[in-house]
Structure formats: C-alpha cells, structure tokens
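Given next are the chains, with one letter for each unit.
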Amino acid sequence: MVDRQTASDFFPLHPEALRDQSDASLWESVLAAEIHPLLCALALVTSDEAFIDPRFAPRVELPAEGPPPHWGLDDDLVDEARRLAFDRLRLLRDQGKTLTDDAEPPLLERTIEFAIGRDHGVSEGLIRRELDLPHDPSAPAWRLEEVAPDRRFHVAIIGAGMSGILVAHRLQQAGIDYTVFEKNADIGGTWYQNTYPGCRLDTPNFAYSYAFAQNPYWPSEFSEQRDILSFFKSLSAEFSITDRVRLNTEVLQAHYQNDAGLWTLRVQSQGGEIEALKFDAVVSSVGQLNLPKIPDIQGAEEFLGSAWHTARWNPEVSLKGKRVGVIGTGASAYQVVPAILSEVESLVIFQRNPPWMLPTPRYHERISDAHQCLLGSLPHYARWLRFFQVWATVRGRWDLVRVDHAHQHPVSVSAANEALRVVLAQHIEAHYADRPDLRQSQVPNYPPGAKRMLRDNGVWPAALKDPRVRVETRPISGICASGIEVGNEDHHPLDVIIYATGFRASEFLAPMEIVGLGGRKLHEWWDGEARAYLGMCMPGFPNFFCMYGPNTNLVVHGSLILFAESSADYIMQCLRALLIGKQRSMVVTDEAFQSFNEMIDRENALMAWGASSVSSWYKNDQGRVTQNWPLSIDAFFKMTEKPCLNDFEFMA
Ligand code: NAP
C-alpha cells in the first residue's frame, strides 16, 4: 500500500475557528488576504463560480519588481471582490457548515484557468504538483515488494537537510530501505548550520515548503532560520525519518565495487572507528553551500581578536561594545550587519562589490493575526496563496537577465536588463540622497542578475548610514594582530572579524572522496569543473545521484524546493526502472552527459551571470558557471518528468 498522508495530517486546518470571528475581525481578515487566493478558495469551498468571474482574473504581466499589487486588478474590482468574499465568509460562519478541501475536478479546472489562464505554456504536471492535486501527485505509486519482491535494496543518503529529508520520505513511501548520514549534530542542513543573527529566508516563504506538506502557519512572509529549521525537523519526525538519521556521522569515502555492484561507504561517527558499510545506491544531498570559504588573506593567523565565518557563528563571544569588521556584502552580510548593529561599538564593512537590491518593503513583516486566521481556517486558501507565490517565480526575472548580443552596454546585458538596472539604481540612489559617499559606492557596476539580488526594506541602507558604520571599499591588503589593513598604510583596529565571505560552492561533494567504476575518482575526473547530467548523474558513477548538484542552483526564479522535488521524483523513477528491469546498476552515458553539459554552457553564457566578469559564487576558478540553471523551471520539470532510459547503460 502506498503511504499517502495528506498535508493536512501534518498541518491540520481549523475551519471551526471561522465560527468564532466577529464581523469586524472577518473584514480585517479579508483586508489582510491576497485577493486571488481568497477568490479561488471561496470558489472551491462554495462551488460558486461568481468568485472566479473572469472580471476578477489576475493580469499576468510580471514587471521587474514581481507581480503588481493584486496582480494588476483595478482597485474598484478588488473592492468589489473583497465585499463578495466578506459576505460569503459571514454566511459560511453563520451556517456553521463543516468546510472541507474537497473540490469537484471540473470546478478545479475552471479555477486554475481563472488563476493562470489557458495559454501559459507551463506543464500541467508542474501546476498540479505545486497545487498538490490530487494530494502528493509525486508520491511513488509503486513499492519495492511489488516491483522486485525478492530484492533487498538499501540506499545511503548523505546529508539530512531539505533535500535529504525529501529523498528519505520518497524512499520510505516506496518501501525502500535507507540510512541517512549527517555530519552535524542535528537535522536541517543549511538551516542548522547558519545560526547567525538575522538569518532568514530571502525567497517567499509559502513557496519554500514541500508541495505535499504545505505549511499554512509560517509566522512571516520570509521566515527566520529557527522557524524553517523547526519545519524540517518536525516533518522529519512526522515522516519517521529522524530515527533513520545517523547524526554526527561523516561520510569520508564512497567507493563503487564493480564485482559486487555495490557502494562501500567509509563513515566515521564523532571520534569513533571508521566503519565500512555497503549500499545499493547513494544519493548525495550535501547541497552547494556547506563549505565555508575563508579567503586567504595575508597575516590572518596573527589576528589577536576573535574571528569566525557567518556559517560557524560563535555564540560564546559577545559583540557588546566591540569593534567589529564584516568582510563581504553578500546575502549573509546583508542579514547579519543590521542584526548586530545595536550591540557593537563600531562596525566596518569591507566591500568589494555592492549588491543589487530588490524593493521588498514587507521583508521583515510577520503574518498578521487577521491573515493567520484565514490561513489556518479557510480550506484551499493557503494552498492558493502558495501557488500564486510559485507562479510569480515560474518565469520570474529570467527575461530580464537574458543576454541580447545586439545590446551594447558596459553594465547591462539587454534592453530589459538595462531598464531594470535604471529602476534599481534610482531606488538605491534615493536611499542615499543625503550621503553622496554611499550613493557613489552602493550602485553596482555589473548587470542586475550577475550576482544574487537581495531584498530591500530599507534596513541595509539604514545600517550603512548609521554613525557607527563605515563602508570600506579599498581592497584589504592584510590582517595584522590588531585589525585589518587596507591600501598601503591604513588600518582598522578591530576586536572581532566576521567572514561573510560565502562558500566553496563549486567544490561539489568535497571533502568526500567518491570513487567510481575502474577507480575513477570524481574530483580528479572533474578537475575543478563539476558537471552532471541533469545535475544528478555522472558517467562512471553507477547508482550515484546528486540532489542540488552542479548547475541546479536557481537565481531569478522559483524556490530550490521545487527543483529538489523534481530531482527526487526523477531518482525514484530511475530506481524503479532499475528494479523492474532486474538490473544491478545504471550509469549515465558519456554522450548524454556531454550533450547536456554543452547545452548548459551555451545557455549559461547567455545569462547575466555567465556574460558578466564580476566575481560570484556561481562560477568556479576557471570562470565556468558550475552552479546555475540557465533555463526555465518548466524546462527542468520537463527534462526530469520521466527519465530517458536510453541515456543510461544498465548492468545486470
Ligand atoms: P556570497 O554571496 O558569496 O558573498 C560573499 C561576499 O564576500 C561577497 O560580497 C564577496 O565579494 C566577499 N568576499 C569574498 N572574498 C573576499 C575577500 N577576499 N575580500 C573581500 N571581500 C570578499 O556569500 P553569502 O553572502 O554567504 O551568500 C551565499 C549564498 O548563500 C547566497 O547567494 C544565497 O544563495 C545563500 N544565502 C541565502 C540566504 C537566505 O536566503 N536567507 C542567506 C544567506 C545566504 P564580491 O562580491 O566582490 O565577490
């Protein structure tokens, strides 16, 4: 039997809570609601198609800053729709009927059409998965005992973060044995490791949850690290995965034994003996951002104060009254600087390139009680809220960062990219109208999209203008016992240095040693150029799959969870093919691998991050884009929807 728990088993709704609402609080909830999710939910709950009247339909053109308020619907129509919704919610409350999230399929179809139109060109499967319709369409509809009754199959998952938990869940649904190895002391991956003050999501939160376990109770639109960590930990417990995770256990080596068709993993628990364990398949779920990068700065070891990396936050050292230096102005620095400012005596930010910032006034806002009430009680509402968030990013800003070779400009890659650059530059300049020094240093001189764009709610510019803060743009020339040196003779005396210098992202799977067929060593074979077929498979490494592998990072659209779900589905289908075909192992062909990577390189060269020479973690030392996915989200969905088995060799 296939285990098909529903999302509401994990995060139950409380429709009865609607009955306790006064008219005033209901109206407040309607005002707090996103209008289109509310209309879709009410149409499905009441079967009244007045809510999905085409007059109320979203206008789907996406400007640079994301969807316009109410997806471009006129204020009058928004008002009319709100009144309609309020009247019906009042009626539902007074009738006291039990509300469920069942929906008639034809009505669902019409609701989907209302929300996104007919000619969107995006895969039906992607839309259904994101809407979780029917519940968990990606759950494997097969089990090991059905497809290979006599076969024992044990999978090693390396890493218990967002990806590893997902793969474990899928394997469990298919009745396949697995063990998760996690080097950290707890589950959560990046959300466990990054505990620096201010750490939170910078992609919309409702879209940052598994499609089959959507959480209506996020406290913020961009939740804080502890809330996201708690989401993954509680799901692991609900999925009964927690007990299958070997914490504090590092995988040192994975070695494919050709004669046996098995992988031998050498693993070490903290301070313990090295064990050799055998598995039929391995899924690496170690992520791209797990190895902190500390730049090699001359004299760093002489510094007498404290120093640490954002991903290894040191809670033992108080920053109160300290002179602090933060190196870097990426996503981590951007969050940590405003969060520690109230404590420090002074703070120097060492900047090489300023970030582009996307106006996001509600970045730090919590979900209001009035909105939370609707999210937790009105069936379908949270699901549709999430869906609209996903929908806004399916294409996202892709068109704005695509290179047009006919466009000749030193800091933009197309006319659309230039238009975005001008808007964002004006926005930045407005923040620093009273600080000409910052106005000059804070407008990037590289195309928007060449590096990660950050969320601007005014907090970063306010921090930079704080009298305690100084932005140092001269290059760091060295570190000495008492601080950081810049230029030829200037020196910033410091008590603490915080390295917000990012990760060794292109060193995929390091420091593990992965040895495949014929003794092929993955890192030697890659030679600094990590590549994989669909981000998952490498020739010479049978039954070895990567989650969030090379070229699967998303920059201008979507959430990584969306990609992880596609990858996990794909891996499950590969395993099914292997088991049904009574084969021992499968390995991607050289041809499939080569042609996929040629396409990836060609396409990445046509994106702002590939065309620009600005430094970023998207590229390796040779300048190849090893991290990013250059096409649409839908393209990845289509390529991974069903494995092309001709791209693999099977071994009995
Ligand atoms: P990052 O984006 O790689 O930024 C590193 C920063 O350090 C850059 O400003 C870089 O300057 C600077 N730097 C590196 N070496 C330096 C040196 N030797 N001297 C001076 N400056 C130096 O790293 P990150 O901020 O940790 O973010 C990495 C990724 O993690 C993000 O892009 C995002 O995907 C993820 N992240 C996500 C969140 C979230 O969603 N909540 C939060 C944090 C991080 P240059 O710009 O000149 O290279």
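Before reading further, recall that the structure is shown in the block above.
Let us look at the structure shown here. (Residues numbered from 1 in each chain as written. Predicted model: local features only at pLDDT ≥ 70, side-chain atom pairs only at ≥ 80, totals over all residues. Heavy atoms only, no water.)

Okay, the side chain of Q351 next. By the secondary structure assignment, Q351 is in the loop between strand 10 (346-350) and strand 11 (357-359). What makes Q351 buried here is its relative accessible area of 3%. Side-chain polar atoms of Q351 contact the backbone oxygen of S441, separated by 3.0 Å. Engagement of the side chain of Q351 in a polar contact is seen with the side chain of Q442, the distance being 3.0 Å. Filtering out sequence-adjacent residues up to four positions away, Q351 remains in contact with T329, S441, Q442, V471, E472 and T473. (Helix = DSSP H or I, 4+ residues; strand = E, 2+ residues; numbered from the N terminus. Buried < 20%, exposed > 50% of the residue type's maximum accessible area, 1.4 Å probe, protein only. Polar contact = N/O pair within 3.5 Å; in protein donor to acceptor, adjacent residues only side chain to side chain. Contact = heavy atoms within 4.5 Å.)

Relative to the helices and strands, T360 is located in the loop between strand 11 and helix 12 (369-377). Note on T360: relative accessible area 8%, which makes it buried. Taking C-alpha positions, T360 is 37 Å from V180, a pair spaced 180 residues apart along the chain. Residues contacting T360, with those up to four places away along its chain left out, are F222, R455, D456 and N457.

On to empty space enclosed by the protein. Tallying each qualifying case throughout the model produces five cavities of 30 Å³ or more. For the largest cavity, the calculated volume is near 50 Å³. Around the largest cavity, the lining residues are M162, S163, Y548, T552, L560, F563, A564 and S567. Among the secondary structure elements, those contributing two or more residues to the lining of the largest cavity are helix 8 (162-173) and helix 18 (560-580). Top contributing element to the lining of the largest cavity by residue count: helix 18, with four residues. Of the residues belonging to the lining of the largest cavity, the class tally is five nonpolar, three polar and no charged. (1 Å grid on protein atoms, 1.4 Å probe; cavity = no way out; pocket = protein on both sides within 12 Å on 5 of 7 lines; lining within 4 Å. Points joined across faces, edges and corners; volume = space filled by probe spheres on them. Nonpolar A, V, L, I, M, F, W, Y, C, P; charged D, E, K, R; others polar.)

A sheet is described by the order of its strands in space; here five strands give the open sequence 3-2-1-7-19, paired in parallel fashion. Each edge of the open sheet carries a strand with a single partner, namely strand 3 (245-246) and strand 19 (544-546). Of the strand pairs in this sheet, strand 1 (residues 154-158) and strand 2 (residues 177-181) are connected by five bridges, and their pairing is parallel. Note that in strand 2 the partner of I157 across the bridge is V180. Packed on one face of the sheet, helix 18 meets strand 1, strand 7 (281-284) and strand 19 and runs near 165° to strand 19. (Pairing = 2+ DSSP bridges. Axes fitted to C-alpha atoms, helices over the stretch in contact; angles between N-to-C directions.)

Right, let's get into the pattern of salt bridges. Applying the stated criterion across every chain, the model contains 43 salt bridges. Between E221 and R362 there is a salt bridge whose closest N-O contact spans 2.9 Å. With a gap of 141 residues between them, E221 in the loop between helix 9 (190-193) and helix 10 (225-238) and R362 in the loop between strand 11 and helix 12 connect regions that are remote in the sequence. A relative accessible area of 37% places R362 in the partly exposed class. Between K638 and D634 there is a salt bridge, with the nearest N and O atoms lying 2.8 Å from each other. Of this pair, K638 and D634 both sit in helix 21 (residues 633-641), four residues apart, which is roughly one turn of the helix. Residue K638 is classed as partly exposed on the basis of its relative accessible area, which comes to 47%. Here the salt bridges do not stand alone but share partners, grouping R129, E130, D136, R170, R386 and D569 into one network. (Salt bridge = Lys/Arg side-chain N within 4 Å of Asp/Glu carboxyl O.)

Time to look at the site of the ligand. Around the ligand there are 23 residues in total, and R200, D202, S332, K451 and S615 lie nearest to it. Contact distances for the ligand include 2.7 Å between an oxygen atom and a side-chain N or O atom of D202. Contacts to the ligand include G330, whose backbone N or O atom sits 3.4 Å from an oxygen atom. Protein burial of the ligand: of its 910 Å² of free accessible surface, 88% is covered by the chains. The element that contributes the greatest number of residues to the shell around the ligand is helix 11 (residues 331-340), accounting for three residues. Residue composition of the shell around the ligand, by class: nine nonpolar, nine polar and five charged. (Near = heavy atom within 4 Å. Areas by Shrake-Rupley, 256 points an atom, 1.4 Å probe, with all protein chains shown as cover.)

Moving on: the packing of helix 6 (residues 124-131) against helix 21. Contact geometry for helix 6 and helix 21: axes closest at 9 Å, N-to-C directions at 100°. By the angle between their directions, the pair helix 6 and helix 21 is classed as roughly perpendicular. Along its contact with helix 6, which presents G125, L126 and R129, the element helix 21 presents I633, D634, F637 and E641. Looking at the contact of helix 6 with helix 21 residue by residue, the classes come out as three nonpolar, one polar and three charged. (Parallel < 35°, antiparallel > 145°, perpendicular 65-115°, else oblique.)

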